[in-house]
Amino acid sequence: MGDLFLVRHGETSWSRSGRHTGSTDVPLTDRGRAQARALAPLIGSLRIGAAFVSPLQRARETAELVGLREVRLDQDLREWDYGGYEGVTTAEIQRTRPDWFLFTDGVTPGPPEHPGETPEQVGERADRVLAAVDAAIAGGEECAVLVAHGHFLRVLTARRLGLAPSAGALFQLATGTLCRLGTEHGRPVIAAWNVSPAT
């Protein structure tokens, strides 16, 4: 199990306003591009064996700006399918569901092309990504880099640590940051979290 570096894409107008951004292909803001460029020296110092990127433009552009050139687009790295909550803020949802919490309650159904996902379904995708990553860097001394989205990467972190998908709630993840999942005594650990050079 090699080190796994997680990059959350840079800021978008929707992430800045707190709107749930799953399938909507929102571009980076100028600040989001600056956040990504600021991570380039950190990424450039790594011995990368494989890089995986979400197909959405905010992740692809971030990957390019941090200096990743040979990447594998992976549909499983897309953000949580928010269904009927796409584009809606938590505050708006809680006006009618005061106790609603994404990581335990999931989302309300959406249209057929984006019906929404449960936390467990997102966890299943995360498990597939982790299996692909481990296969790509098995036996080597190189690391893997994933460029994706906040809620998905939080669930993936929980799964890497052997926790339920809902435990992703414990790992706040800012835009334009770098995290490192490593090992200690053969067990997965968080080695660094929300690393962000000044932008």
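Residues numbered from 1 in each chain as written. Predicted model: local features only at pLDDT ≥ 70, side-chain atom pairs only at ≥ 80, totals over all residues. Heavy atoms only, no water.

(A) Quick look at the state of the cysteines. Throughout the structure, instances matching the rule amount to 0 disulfides. Take Cys143: it sits in no disulfide, and the sulfur closest to it among the cysteines is that of Cys179, at 14 Å. (Disulfide = S-S within 2.5 Å.)

(B) Main features of the sheet that holds strand 3 (residues 72-73). In spatial order, the strands read 3-2-4-1-5-6; together these 6 strands make up an open sheet with mixed pairing. Strand pairing shows two members of the sheet lacking a second neighbour, strand 3 and strand 6 (187-195), which therefore form its edges. Relative to strand 4 (residues 143-148), strand 2 (residues 48-53) runs parallel, the two being bridged by 5 bridges. Pairing of Ile48 across the sheet is with Cys143, part of strand 4. Against the sheet, helix 2 (residues 30-44) touches strand 1 (4-8), strand 2, strand 4, strand 5 (178-184) and strand 6, its axis set at about 25 degrees to strand 5. (Pairing = 2+ DSSP bridges. Helix = DSSP H or I, 4+ residues; strand = E, 2+ residues; numbered from the N terminus. Contact = heavy atoms within 4.5 Å. Axes fitted to C-alpha atoms, helices over the stretch in contact; angles between N-to-C directions.)

(C) Summary view of the nonpolar core. Among the nonpolar cores identified, the biggest contains 29 residues, and Leu4, Leu6, Trp80, Val133, Leu146, Phe152 and Leu156 are the most heavily contacted of them. Every element with two or more residues in this core is listed here: strand 1, strand 2, helix 5 (102-105), helix 6 (119-136), strand 4, helix 7 (150-160) and strand 5. Sorting elements by how many residues they give to this core places helix 6 first, with 5 residues. Other than its neighbours up to four places away in sequence, Leu4 contacts Leu130, Val133, Ala144, Leu146, Leu156, Arg160, Cys179, Arg180 and Leu181. Ranked by size, the runner-up nonpolar core spans 16 residues in total, among them Phe5, Val7, Leu46 and Cys143. (Core = buried A, V, L, I, M, F, W, Y, C linked by side-chain atoms within 4.5 Å. Buried < 20%, exposed > 50% of the residue type's maximum accessible area, 1.4 Å probe, protein only.)

(D) Summary view of the packing of aromatic side chains. Scanning the entire structure with this criterion turns up 4 aromatic pairs. Judged by centre distance (5.7 Å) and plane angle (85 degrees), the rings of Trp80 and Phe103 are edge-to-face. Of the two residues, Trp80 is situated in the loop between strand 3 and helix 4 (90-93) and Phe103 in helix 5; the sequence distance between them amounts to 23 residues. The two residues Trp80 and Phe103 agree in class, both being buried. Ring centres 5.3 Å apart and planes at 75 degrees place the aromatic pair Tyr85 and Trp100 in the edge-to-face group. (Phe/Tyr/Trp six-rings, centres within 6.5 Å; stacked < 30°, edge-to-face > 60°.)

(E) Layout of the pairing of strand 6. Relative to strand 6, strand 5 is paired through 6 bridges, and the arrangement is antiparallel. Residue pairing for strand 6: Leu178 is matched across the bridge by Val195. Linkage of strand 5 to strand 6, two consecutive antiparallel strands, is achieved through a turn of 2 residues, within which His185 is found at a positive phi near 55 degrees.

(F) Representation of helix 7 in the model. With 10 of 11 residues buried, helix 7 lies mostly within the body of the structure. When we look at burial in helix 7, the residues that qualify are Gly150, His151, Phe152, Leu153, Arg154, Val155, Leu156, Thr157, Ala158 and Arg160. In this structure, the buried residues of helix 7 make contact with strand 1, helix 5, helix 6, strand 4, strand 5 and strand 6. Note on helix 7: the residue one or two positions beyond its end, Gly162, has a positive phi of about 80 degrees.

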